[in-house]
Amino acid sequence: MLKNKKIFFKKSQKQYFVSILLFSFLLKLIISFSYSEELRSDSKDYFLLAQSLANTGEYRYEGETTARLIIGYPMFIAGIFKVFGENILAVKIIQSVIEIFSCILFFLICLKFFDIRYSLIVFTVFALFPSNILFAVTILTEPLFNFFALLVLYLSLQDEFLNTKKIFLLGIVWGLALLIRSSFAISIFIIPVYLFYNRTRLFDGFSKTRNKKLILYSLLFYLGIGITLSPWLIRNKIEMGSFTLATQAGFTFWGGSNPNATGTWYHKIEETNPLFYEKDEVKKDKEFFRQGIDYAVNNPHKFVITGFKKIAYLFSSERMILLYFTENENKERTSTEVYRDINPFLIAIVNIPYFLVILCGFWGLLLIKKYRIIIYGFLISWGLMFFLFVALSRYHYVLIPFFIIGTVKLYEHRYQLRKIFTAKKIIFPAAFSLFVLIVWAGEFYKLIF
């Protein structure tokens, strides 16, 4: 597709595109070969689950059958282990290759919103974005999920995958994304809503015919998702006794809905509830949900306040990706204490681009006219998920492409901004800007003092 003259009108544009791709890939390779981390937390869990799959063909954690984490990413690593052995470097290199395709997909998405010149600008920012470079070489779901999230977005912007039976394939891809990150679950409502509001444009015929097609294609979409998820769900029913995507949902909900909740995982959280030591995952999952719901129902104001704290953590600084590359201290110190020892230059080089993109991108996203339901649907469904469950700063990784698009959209309309943003229209973006500025200021105040 990239050889198509309709995309690259000039040879220099194609050369520039390839050069940025290769440079981005080279940076990831340098980091991959120069850093060997000690796996911990989620990374260690993914490794152990992948090891179990590769060596025994069973999804077990510390010898016990589990459904704590959804299978997609551990299965991906297990496939690499089968070919290259238990080689973490191989995982990093393959993820770096996948990131090349993520960059290509992102560029193609940008062509839906910009001309070739601006699309190359957006693509460059994305390909060389500091935290994107770092996340690509982590043993975390972010690189693989980002590829599938971008693929889902790209296909969702193609009418042929919405108004034909190809929507079934879109459902399959969506299901694969869910198998990597179950927190993507709320997003499954985006496509039916988009079809409903665009049924006149997408479907031929009279109103009754269009409504029938709306229902048919929505069902085909869900069928694709269901078929993709069904082997995992059936396995969990047989092995665990419950049709569940992941049994971690209960304690991640309770973690954000209890008297001690901060909005994220807090220090020594496991010591605050004996239920963490329950061996029956399904029982633990249900009981955590019950306790969390009881707290939310009896303390709705506190639940909502904590929800905004979760959004604050979601948009907090790029601390987690920097902490990933620090030494494991077995929780002897808090993350803030460890973060304080990181080189200030590294903190600045990773965080400043992020701050600028989030601040400018939010304003620019309000300028998007095409595909608003899909774009806003992605953003709202992701934010809603972490308003309900605990949030971490690394979870904003999947939102970065949207905010980069918004940033360049703001730049594209830089000469019309005074006319576009009237007094009423600046209230919402100004409030968000103030919100994140307060979050970042508070975070760095704690870091310094």
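Remember, predicted model here, so these are calculated numbers, not experimental data.

A. Examining the overall build of the protein more closely. The helix and strand inventory of the protein stands at 21 helices and two strands. Dimensions of the protein, computed from C-alpha atoms along their principal axes, come out at roughly 60 × 55 × 50 Å. When the 449 residues of the protein are sorted by exposure, 53% land in the buried category. Accessible surface computed for the protein: about 21600 Å², of which carbon and sulfur atoms make up 65%. Distance from the positive charge centre (50 side chains) to the negative charge centre (31 side chains) of the protein: 15 Å.

B. How the structure looks around the packing of helix α1 (residues 11-34) against helix α5 (residues 116-127). In the contact formed by α1 and α5, the axes pass within 10 Å of each other and the chain directions differ by 10°. Taken as axis vectors, α1 and α5 run roughly parallel relative to one another. Residues Gln13, Tyr16, Phe17, Ile20, Leu21 and Ser24 of α1 pack against Ile116, Leu120, Phe123, Thr124 and Ala127 of α5. Each residue belonging to the contact of α1 with α5 can be placed in one class, and the counts come to eight nonpolar, three polar and no charged.

C. Geometry of helix α18 (residues 372-388). In this model α18 runs 24 Å from its N-terminal to its C-terminal C-alpha over 17 residues, within 8% of the 24 Å that 1.5 Å per residue would give. Taken as a whole, α18 has its buried residues at Ile374, Ile375, Gly377, Phe378, Leu379, Ser381, Trp382, Gly383, Met385, Phe386 and Phe387.

D. Up close: the environment of Ile190. Position of Ile190 among the secondary structure elements: in helix α9 (residues 190-197). By relative accessible area, Ile190 is classed as buried at 7%. Along the backbone, Ile190 and Ser156 are 34 residues apart, and their C-alpha atoms lie at a distance of 9.7 Å. Once residues lying within four places of it in the same chain are set aside, the contact partners of Ile190 are Trp174, Ile373, Ile374, Gly377, Phe378 and Ser381.

E. How the structure looks around the side chain of Asn198. The residue Asn198 is located in the loop between α9 and α10 (199-202) in this model. A polar contact is formed between the side chain of Asn198 and the backbone oxygen of Tyr194, at a distance of 2.9 Å.

F. Spotlight on unusual backbone geometry. Phi at Ser41 takes a positive value of approximately 55°, unusual for a residue other than glycine. Relative to the assigned elements, Ser41 resides in helix α2 (residues 41-56). Classification of Ser41 by relative accessible area gives exposed; the value is 55%. In this structure, Glu62 is a non-glycine residue whose phi angle is positive, near 55°. If you trace the backbone, Glu62 turns up in the loop between β1 (60-61) and β2 (64-65).

G. Fine view of the nonpolar core. Within the largest apolar cluster, 139 residues are counted, with the highest numbers of intra-cluster contacts made by Trp174, Phe315 and Phe403. If you tally residues by element for this core, the top one is helix α4 (residues 88-110), at twelve residues. The contacts of Trp174, once residues within four sequence positions are left out, are Val152, Ser156, Phe184, Ser187, Ile188, Ile190, Ile191, Phe221, Ile225 and Phe378. Core analysis: the second largest hydrophobic core is formed by seven residues, Phe251, Tyr266, Leu275 and Phe276 among them.

H. How the structure looks around the layout of surface pockets. Volume-wise, the second largest pocket comes out at about 620 Å³. Ile311, Phe315, Phe362, Phe428 and Phe432 are, among the 19 residues lining the second largest pocket, the residues nearest its centre. Sort the elements by how many residues they give to the lining of the second largest pocket and α18 lands first, with six residues. Of the residues assigned to the lining of the second largest pocket, the class counts are 18 nonpolar, one polar and no charged.

I. The environment of Leu365, seen in detail. Structurally, Leu365 can be placed in helix α17 (residues 344-365). By relative accessible area, which is 4% here, Leu365 ends up buried. Considering only alpha carbons, one finds Leu365 and Val297, 68 residues apart in sequence, at a separation of 34 Å. Once residues lying within four places of it in the same chain are set aside, the contact partners of Leu365 are Ile375, Tyr376, Leu379, Phe402, Phe403 and Gly406.

Definitions and limits used
Residues numbered from 1 in each chain as written. Predicted model: local features only at pLDDT ≥ 70, side-chain atom pairs only at ≥ 80, totals over all residues. Heavy atoms only, no water. Helix = DSSP H or I, 4+ residues; strand = E, 2+ residues; numbered from the N terminus. Buried < 20%, exposed > 50% of the residue type's maximum accessible area, 1.4 Å probe, protein only. Areas by Shrake-Rupley, 256 points an atom, 1.4 Å probe, with all protein chains shown as cover. Lys, Arg positive; Asp, Glu negative; His and termini not counted. Charge placed at Lys NZ, Arg CZ, Asp CG, Glu CD. Axes fitted to C-alpha atoms, helices over the stretch in contact; angles between N-to-C directions. Parallel < 35°, antiparallel > 145°, perpendicular 65-115°, else oblique. Contact = heavy atoms within 4.5 Å. Nonpolar A, V, L, I, M, F, W, Y, C, P; charged D, E, K, R; others polar. Expected span 1.5 Å × (residues − 1). Polar contact = N/O pair within 3.5 Å; in protein donor to acceptor, adjacent residues only side chain to side chain. Core = buried A, V, L, I, M, F, W, Y, C linked by side-chain atoms within 4.5 Å. 1 Å grid on protein atoms, 1.4 Å probe; cavity = no way out; pocket = protein on both sides within 12 Å on 5 of 7 lines; lining within 4 Å. Points joined across faces, edges and corners; volume = space filled by probe spheres on them.

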